[in-house]
Amino acid sequence: MKDNFEDNSEELDLIQRFEQTLGNNGTAFFDINDFETIIDHYTANFEYKKALVACDAAIAQYPFSSELQIDKAQLLAMAGSLDDALALINEVAEVESGNPDIHLTRGIIYSQRGEYRDAIDYFKKALAFAEDRDDIFFNIGLAYQSWGKFGSAIKYYKKCIELNVENEAAMQEIVYCMEVTGSLREHLPFFQKFVDDDPYSYVAWFNLGNVLNKMGSYDKAIAAYDYSTIIKPDFITAYNNMANAYVFIGEYTKAIEAFNAMLEHGEPSAEVFCNIGECYEKLQQWDLSRRYYQKSVDLDPDMDEAWFGIGVILDAQGKWYEAVHFFKKAVELYDDSADYWVALAAAEYHVGHVVSALESYARAAEIQPNDKDIYLNWSIILYEQGNYDEATDIILNAIELQPDEAELYYRACAYLLSAGKYREAYNYLENALILDFEKHKLLFEFFPELESQRALARLIDQYRK
């Protein structure tokens, strides 16, 4: 840990010295390794313009370095200047054609241009010269994946992982391709073999756990993650995946234990505190839940999920005035969550803020227009206020968006009946009965007085099987 801290500190000092030089419009000597560190730092943080500035400064000091020219071509490609990148790498190729990085860079550029066949040809040329072949196999896999040829992508991702089992990007992509092709179970022996060959490899167990997790074999996935943490007790990512698997199967107490292991072996995390708070919420242990949500917002005041979680607890306890405050804070931080707006709408309505509730439902429907429950809950407020026409308009708008949802038709029927529009009501009822006869009971659940409508009963009986 100390070595990593010192390395990071030295890198930041180097970046600061470089930026001070630029700010003073001065010149300072940096050796070529320093420049590589500076360029890598900016690239890792997606600051491509700064990386290009550093690359140009490096080339000014080391004009005959082909590696720096290749770096610049790759940066131009990352920044989207594909034609400039290709022109530069072609210039470098005239001088040093045997460098595998030239073929690799050409492959990356052609892949970004969508010319996947040419990209793969260049990647394969790079294989003939390269010592570190796993990165090239990964790029071939990525090109095939972008091309939509998932079977070929899997083949090359496998080659990459066989050379470097710790390549996280290859693991993520191969699992995605296997999901798309529905072949996770078929390829399970590939991941099992790494464990069989080296049962003390925490990475092999972790990768196997990820595949089992995607397959829905959560108990086996948890066991694999457990082996991984036994071998490497400070493997935080394995604890995280284990905890999430426990959450998925509803084992919240065990999930809390795994999240606590993350805190034991790592730094305090607002996200982990929030996750623990949610687990206690599921267990209805309100005090503990709120305590961890509060720890989360204390550590990161912008953790919208934790503000929302406190609101959920207060709502469950019937403390709606307080819940409104926390839900409002959540939507301030993240305006695009329909769940947040729906919760706020319900709490506002509980405290009698009808206008605010209606506005919140309107925002929720804007974000998630295909959620029928939003329209049902939104419209019932207007119905209860006696605004039958407005309530009906909301439901009819929902029907346009979701024409196969029987519940919407039943609700439209009820509102139209309440407004005295019987002919229209029966039309919507017929559609509802055709879509889902059994749901006609919902009509009487919400509006028991409709049972006295004889014409309604006769119409329902006509569709009874």
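Quick summary incoming for the structure in this document.

Each value, and the rule that gives it
Residues numbered from 1 in each chain as written. Predicted model: local features only at pLDDT ≥ 70, side-chain atom pairs only at ≥ 80, totals over all residues. Heavy atoms only, no water. Helix = DSSP H or I, 4+ residues; strand = E, 2+ residues; numbered from the N terminus. Rg over C-alpha atoms; globule rule 2.2 N^0.38 Å. Buried < 20%, exposed > 50% of the residue type's maximum accessible area, 1.4 Å probe, protein only. Contact = heavy atoms within 4.5 Å. Areas by Shrake-Rupley, 256 points an atom, 1.4 Å probe, with all protein chains shown as cover. Lys, Arg positive; Asp, Glu negative; His and termini not counted. Charge placed at Lys NZ, Arg CZ, Asp CG, Glu CD. Expected span 1.5 Å × (residues − 1). Arc of directions from axis to C-beta. Salt bridge = Lys/Arg side-chain N within 4 Å of Asp/Glu carboxyl O. Patch = residues over 30% accessible without salt bridge, like charges linked within 9 Å, V, L, I, M, F, W, Y side chains within 5 Å.

## Observations regarding the overall build of the protein
Line of reasoning, step 1. Scanning the protein from terminus to terminus reveals 27 helices and zero strands.
Line of reasoning, step 2. Here the C-alpha atoms of the protein give a radius of gyration of 30 Å, more than 25% beyond the 23 Å that 2.2 N^0.38 yields for 465 residues.
Line of reasoning, step 3. Its C-alpha atoms give the protein principal-axis dimensions of about 90 × 55 × 50 Å.
Line of reasoning, step 4. Expressed as a percentage of its 465 residues, the buried residues of the protein come to 45%.
Line of reasoning, step 5. Residue pairs in contact within the protein that sit at least 24 positions apart in sequence constitute 46% of those at least 6 positions apart.
Line of reasoning, step 6. Counting only carbon and sulfur atoms, one obtains 47% of the accessible surface of the protein, whose full area is about 24600 Å².
Line of reasoning, step 7. Separation of charge centres in the protein, based on 39 positive and 80 negative side chains, amounts to 7 Å.

## Quick notes on helix H5 (residues 82–95)
Line of reasoning, step 1. With 14 residues, H5 should cover 20 Å at 1.5 Å per step; its first-to-last C-alpha distance of 21 Å lies within 8% of that length.
Line of reasoning, step 2. Among the residues making up H5, those that are buried are Leu 82, Ala 85, Leu 86, Leu 88, Ile 89, Val 92 and Ala 93. One side of H5 holds all its buried residues, which, seen down the axis, span an arc of 165 degrees. In H5, the exposed positions that point more than 90 degrees away from the buried face belong to Asp 83, Glu 91, Glu 94 and Val 95.
Line of reasoning, step 3. On its buried face, H5 is in contact with helix H4 (66–78) and helix H6 (100–112).

## Quick notes on the pattern of salt bridges
Line of reasoning, step 1. Counted by the stated rule, this structure contains 14 salt bridges.
Line of reasoning, step 2. The partner of Glu 47 in a salt bridge is Lys 50, and the shortest N-O contact between them spans 3.3 Å.
Line of reasoning, step 3. For Glu 47, a relative accessible area of 27% puts it in the partly exposed group.
Line of reasoning, step 4. For Lys 50, a relative accessible area of 40% translates into the label partly exposed.

## Notes on the side chain of Ser 228
Line of reasoning, step 1. By the secondary structure assignment, Ser 228 is in helix H13 (residues 218–231).
Line of reasoning, step 2. Note on Ser 228: relative accessible area 0%, which makes it buried.
Line of reasoning, step 3. Residues contacting Ser 228, with those up to four places away along its chain left out, are Tyr 202, Trp 205, Phe 206, Phe 235 and Ala 238.

## What about a nonpolar patch on the surface?
Line of reasoning, step 1. Together, Tyr 200, Tyr 227, Ile 230 and Ile 231 give the surface a local cluster of nonpolar side chains, amounting to about 470 Å² of exposed area.
Line of reasoning, step 2. Mapped onto the secondary structure, Ile 230 falls in helix H13.
Line of reasoning, step 3. In this structure Ile 230 comes out as exposed when scored by relative accessible area, which is 57%.

## Examining the environment of Ile 136
Line of reasoning, step 1. Inspection of the secondary structure assignment puts Ile 136 in helix H8 (residues 134–147).
Line of reasoning, step 2. Separated by 170 residues in the primary sequence, Ile 136 and Ala 306 have C-alpha atoms spaced 42 Å apart.
Line of reasoning, step 3. In this view, Ile 136 contacts Leu 104, Phe 123, Ala 126, Leu 127 and Ala 130; residues no more than four positions away in its chain are not counted.

The values reported here are purely geometric and, on their own, carry no functional implication.
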